[in-house]
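Architecture at a glance
Next come the chains, spelled out residue by residue.
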Amino acid sequence: MGEGQRRIVTQSPLGITVQRDSTMITLSSSISTNRRGMTLIEMLVSLSLLAVLVTVAVSWMTSTLSRQGKDLEQSRWDRAAYMVLDQIGRDLSQVETIDETRRRGDPRVWIEDEMLSIRTTDRGEPITQQYGFDPIEGVVLRSVLGQRVRTVDQPAMLGQVYGVQLELVLPSNERVLPVLSVELRSEGGQTLRRTYVLS
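Summary of the structure given here. Residue numbering note: each chain is counted from 1, following its sequence as written. Where totals are concerned, whole chains, interfaces and linings use all residues; where local detail is concerned, this predicted model gives features only for residues with pLDDT of at least 70, and gives and counts side-chain atom pairs only at 80 or more. Hydrogens and water molecules were not included; the side-chain quantities draw on all heavy atoms of the structure.

Next up on the list: the overall build of the protein chain. Helix and strand assignments come from DSSP, with helices taken as H or I runs of at least 4 residues and strands as E runs of at least 2, each series counted from the N terminus. What the protein chain contains, in helices and strands, is 2 helices and 11 strands. For the protein chain, the N- to C-terminal ordering of α and β elements is β-β-β-α-α-β-β-β-β-β-β-β-β. Throughout this description, buried means an accessible area under 20% of the type-specific maximum (1.4 Å probe, protein chains only), exposed means over 50%, and partly exposed covers the range between. Split into buried and exposed, the 199 residues of the protein chain put 26% on the buried side. Taking all contacts inside the protein chain whose residues are at least 6 apart in sequence as the whole, residues at least 24 apart take part in 32%. By definition, residues are in contact when any of their heavy atoms lie within 4.5 Å.

In C-alpha coordinates:
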(Lines give C-alpha, C1' and ligand atoms only; values in the text may rest on other atoms or scores of the structure.)
Protein backbone atom coordinates (compact mmCIF):
# COMPACT_ATOMS: atom_id res chain seq x y z
CA MET A 1 0.00 0.00 0.00
CA GLY A 2 1.13 3.42 -0.74
CA GLU A 3 1.33 6.31 1.65
CA GLY A 4 -1.77 7.98 0.35
CA GLN A 5 -3.92 4.93 0.57
CA ARG A 6 -5.95 4.15 3.62
CA ARG A 7 -7.37 0.82 4.59
CA ILE A 8 -10.77 0.66 6.33
CA VAL A 9 -11.84 -2.58 7.95
CA THR A 10 -15.38 -2.99 9.37
CA GLN A 11 -17.07 -6.06 10.79
CA SER A 12 -20.86 -6.54 10.76
CA PRO A 13 -22.82 -8.30 13.50
CA LEU A 14 -23.30 -11.25 11.09
CA GLY A 15 -19.59 -11.88 10.92
CA ILE A 16 -18.97 -10.32 7.51
CA THR A 17 -15.76 -8.42 7.24
CA VAL A 18 -15.52 -5.57 4.78
CA GLN A 19 -12.07 -4.26 3.78
CA ARG A 20 -11.85 -1.14 1.69
CA ASP A 21 -8.80 -0.03 -0.01
CA SER A 22 -8.87 2.94 -2.22
CA THR A 23 -9.11 0.73 -5.26
CA MET A 24 -10.79 -2.43 -4.08
CA ILE A 25 -13.51 -3.75 -1.65
CA THR A 26 -13.05 -7.25 -0.25
CA LEU A 27 -15.80 -9.17 1.57
CA SER A 28 -15.11 -12.16 3.72
CA SER A 29 -17.42 -14.14 6.00
CA SER A 30 -16.68 -15.97 9.17
CA ILE A 31 -20.13 -17.74 9.22
CA SER A 32 -19.85 -21.51 9.26
CA THR A 33 -21.11 -23.03 6.02
CA ASN A 34 -21.29 -26.65 7.12
CA ARG A 35 -25.17 -26.55 7.28
CA ARG A 36 -26.27 -27.83 3.89
CA GLY A 37 -29.96 -28.79 4.51
CA MET A 38 -32.11 -31.18 6.55
CA THR A 39 -30.40 -34.08 8.21
CA LEU A 40 -31.70 -37.61 7.79
CA ILE A 41 -33.07 -37.63 11.36
CA GLU A 42 -34.98 -34.38 10.80
CA MET A 43 -36.49 -35.80 7.63
CA LEU A 44 -37.54 -39.04 9.37
CA VAL A 45 -39.18 -37.09 12.21
CA SER A 46 -41.04 -34.89 9.70
CA LEU A 47 -42.25 -37.92 7.73
CA SER A 48 -43.36 -39.66 10.94
CA LEU A 49 -45.41 -36.63 11.99
CA LEU A 50 -46.93 -36.39 8.53
CA ALA A 51 -47.83 -40.10 8.60
CA VAL A 52 -49.55 -39.70 11.99
CA LEU A 53 -51.55 -36.69 10.78
CA VAL A 54 -52.61 -38.45 7.57
CA THR A 55 -53.64 -41.58 9.52
CA VAL A 56 -55.75 -39.54 11.94
CA ALA A 57 -57.39 -37.61 9.08
CA VAL A 58 -58.19 -40.75 7.07
CA SER A 59 -59.54 -42.53 10.15
CA TRP A 60 -61.79 -39.58 10.99
CA MET A 61 -63.07 -39.33 7.39
CA THR A 62 -63.74 -43.09 7.22
CA SER A 63 -65.68 -43.14 10.48
CA THR A 64 -67.66 -40.05 9.48
CA LEU A 65 -68.61 -41.53 6.11
CA SER A 66 -69.48 -44.89 7.69
CA ARG A 67 -71.70 -43.22 10.31
CA GLN A 68 -73.34 -41.10 7.63
CA GLY A 69 -74.03 -44.22 5.53
CA LYS A 70 -75.59 -46.03 8.50
CA ASP A 71 -77.73 -43.01 9.35
CA LEU A 72 -78.91 -42.76 5.74
CA GLU A 73 -79.73 -46.48 5.59
CA GLN A 74 -81.63 -46.26 8.89
CA SER A 75 -83.55 -43.24 7.63
CA ARG A 76 -84.53 -45.09 4.44
CA TRP A 77 -85.67 -48.11 6.47
CA ASP A 78 -87.71 -45.85 8.76
CA ARG A 79 -89.48 -44.23 5.79
CA ALA A 80 -90.23 -47.61 4.19
CA ALA A 81 -91.48 -49.05 7.52
CA TYR A 82 -93.76 -46.06 8.06
CA MET A 83 -95.13 -46.58 4.53
CA VAL A 84 -95.96 -50.22 5.39
CA LEU A 85 -97.68 -49.18 8.62
CA ASP A 86 -99.59 -46.43 6.77
CA GLN A 87 -100.70 -48.94 4.09
CA ILE A 88 -101.98 -51.30 6.78
CA GLY A 89 -103.87 -48.35 8.30
CA ARG A 90 -105.42 -47.51 4.90
CA ASP A 91 -106.49 -51.13 4.42
CA LEU A 92 -107.99 -51.18 7.92
CA SER A 93 -109.91 -48.00 7.16
CA GLN A 94 -111.46 -49.76 4.13
CA VAL A 95 -112.87 -52.52 6.36
CA GLU A 96 -115.76 -50.29 7.37
CA THR A 97 -116.95 -50.04 3.75
CA ILE A 98 -117.89 -53.73 3.67
CA ASP A 99 -121.53 -54.09 4.55
CA GLU A 100 -122.86 -56.89 6.74
CA THR A 101 -124.21 -59.04 3.90
CA ARG A 102 -120.90 -59.23 2.02
CA ARG A 103 -118.93 -60.31 5.06
CA ARG A 104 -121.00 -63.45 5.50
CA GLY A 105 -119.98 -63.73 9.12
CA ASP A 106 -116.26 -63.95 8.31
CA PRO A 107 -113.94 -61.97 10.53
CA ARG A 108 -112.75 -58.72 9.02
CA VAL A 109 -109.24 -58.85 10.47
CA TRP A 110 -107.39 -61.97 11.58
CA ILE A 111 -103.91 -63.34 12.13
CA GLU A 112 -103.09 -66.84 11.00
CA ASP A 113 -99.67 -68.45 10.49
CA GLU A 114 -97.87 -65.16 11.21
CA MET A 115 -99.86 -63.50 8.42
CA LEU A 116 -102.17 -60.53 8.85
CA SER A 117 -105.33 -60.71 6.72
CA ILE A 118 -107.68 -57.77 6.22
CA ARG A 119 -110.98 -58.11 4.35
CA THR A 120 -111.69 -54.97 2.35
CA THR A 121 -113.36 -54.06 -0.93
CA ASP A 122 -112.01 -53.12 -4.31
CA ARG A 123 -114.53 -51.54 -6.72
CA GLY A 124 -117.37 -53.03 -4.73
CA GLU A 125 -115.95 -56.57 -4.66
CA PRO A 126 -114.66 -58.14 -1.43
CA ILE A 127 -110.93 -58.82 -1.39
CA THR A 128 -108.42 -59.85 1.24
CA GLN A 129 -105.18 -57.96 1.77
CA GLN A 130 -102.53 -60.18 3.32
CA TYR A 131 -99.30 -59.05 4.97
CA GLY A 132 -96.67 -61.64 5.70
CA PHE A 133 -93.07 -61.86 6.83
CA ASP A 134 -90.52 -64.01 5.02
CA PRO A 135 -87.80 -64.78 7.59
CA ILE A 136 -85.45 -66.29 5.01
CA GLU A 137 -85.42 -63.19 2.81
CA GLY A 138 -86.03 -60.77 5.70
CA VAL A 139 -88.85 -58.94 3.89
CA VAL A 140 -92.47 -57.94 4.47
CA LEU A 141 -94.73 -59.03 1.61
CA ARG A 142 -98.25 -57.97 0.63
CA SER A 143 -100.65 -59.96 -1.51
CA VAL A 144 -104.24 -59.47 -2.67
CA LEU A 145 -106.83 -62.27 -2.84
CA GLY A 146 -110.29 -61.90 -4.33
CA GLN A 147 -113.05 -63.56 -6.37
CA ARG A 148 -112.35 -61.64 -9.54
CA VAL A 149 -108.74 -60.96 -8.72
CA ARG A 150 -106.41 -63.91 -8.73
CA THR A 151 -103.68 -63.83 -6.12
CA VAL A 152 -101.42 -60.91 -6.81
CA ASP A 153 -98.07 -60.97 -5.03
CA GLN A 154 -96.52 -57.58 -4.93
CA PRO A 155 -92.78 -56.96 -4.60
CA ALA A 156 -91.38 -56.79 -1.11
CA MET A 157 -92.70 -53.74 0.71
CA LEU A 158 -89.87 -53.63 3.22
CA GLY A 159 -86.47 -55.30 3.38
CA GLN A 160 -83.85 -55.82 6.06
CA VAL A 161 -86.51 -56.94 8.51
CA TYR A 162 -85.41 -59.04 11.45
CA GLY A 163 -88.90 -59.76 12.73
CA VAL A 164 -92.57 -58.83 12.71
CA GLN A 165 -94.84 -59.14 15.71
CA LEU A 166 -98.60 -59.13 15.16
CA GLU A 167 -101.09 -59.03 18.01
CA LEU A 168 -104.87 -58.84 17.75
CA VAL A 169 -106.70 -58.23 21.03
CA LEU A 170 -110.42 -58.95 20.72
CA PRO A 171 -113.12 -57.12 22.70
CA SER A 172 -113.59 -58.16 26.31
CA ASN A 173 -115.05 -56.77 29.51
CA GLU A 174 -112.17 -54.29 29.68
CA ARG A 175 -111.99 -53.42 26.01
CA VAL A 176 -114.95 -52.50 23.80
CA LEU A 177 -113.18 -52.45 20.43
CA PRO A 178 -110.58 -54.84 19.02
CA VAL A 179 -107.01 -53.57 18.87
CA LEU A 180 -104.33 -54.60 16.37
CA SER A 181 -100.65 -54.03 17.16
CA VAL A 182 -97.97 -54.33 14.49
CA GLU A 183 -94.29 -54.19 15.37
CA LEU A 184 -91.49 -54.16 12.79
CA ARG A 185 -87.86 -54.82 13.82
CA SER A 186 -84.95 -54.04 11.54
CA GLU A 187 -81.74 -56.02 11.25
CA GLY A 188 -80.03 -52.98 12.76
CA GLY A 189 -82.07 -53.29 15.96
CA GLN A 190 -84.55 -50.49 15.34
CA THR A 191 -88.19 -51.10 16.27
CA LEU A 192 -91.32 -49.36 14.98
CA ARG A 193 -94.69 -50.17 16.50
CA ARG A 194 -98.16 -48.96 15.69
CA THR A 195 -101.48 -49.77 17.33
CA TYR A 196 -104.77 -49.60 15.42
CA VAL A 197 -108.18 -49.50 17.10
CA LEU A 198 -110.66 -51.38 14.90
CA SER A 199 -114.26 -50.29 14.71
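By this rule, a helix spans an expected 1.5 Å times one less than how many residues it contains. A rise of 1.5 Å per residue sets the reference length of helix 1 (residues 40-94), with its 55 residues, at 81 Å; its end C-alpha atoms lie 81 Å apart and thus fit the reference within 8%. Residues of helix 1 that are buried include every one of Trp-77, Asp-78, Ala-81, Val-84, Leu-85, Gln-87, Ile-88, Asp-91 and Leu-92, and no others.

In this structure, Glu-114 is a non-glycine residue whose phi angle is positive, near 60°. Positionally, Glu-114 belongs in the loop between strand 4 (109-112) and strand 5 (115-122). A relative accessible area of 58% means that Glu-114 is categorised as exposed. Positive phi, close to 55°, is recorded for Gln-160, a residue that is not glycine. Turning to its location among the elements, Gln-160 is positioned in the loop between strand 8 (152-153) and strand 9 (161-169).

Once that is clear, we can look at the pattern of salt bridges. Within this document, salt bridges are pairs made up of a side-chain nitrogen of Lys or Arg and a carboxyl oxygen of Asp or Glu, the two lying within 4 Å of each other. Tallying each qualifying case throughout the model produces 5 salt bridges. Taking the shortest distance from any N to any O, the salt bridge between Arg-185 and Glu-183 comes out at 2.8 Å. Overall, the relative accessible area of 26% leaves Arg-185 in the partly exposed class. Here Glu-183 makes a salt bridge to Arg-193, at a shortest N to O gap of 3.1 Å. Here Glu-183, found in strand 10 (residues 179-186), pairs with Arg-193, found in strand 11 (residues 191-197); they are 10 residues apart in sequence, far enough to count as distant. Because the salt bridges share partners, they merge into one network encompassing Glu-167, Glu-183, Arg-185 and Arg-193.

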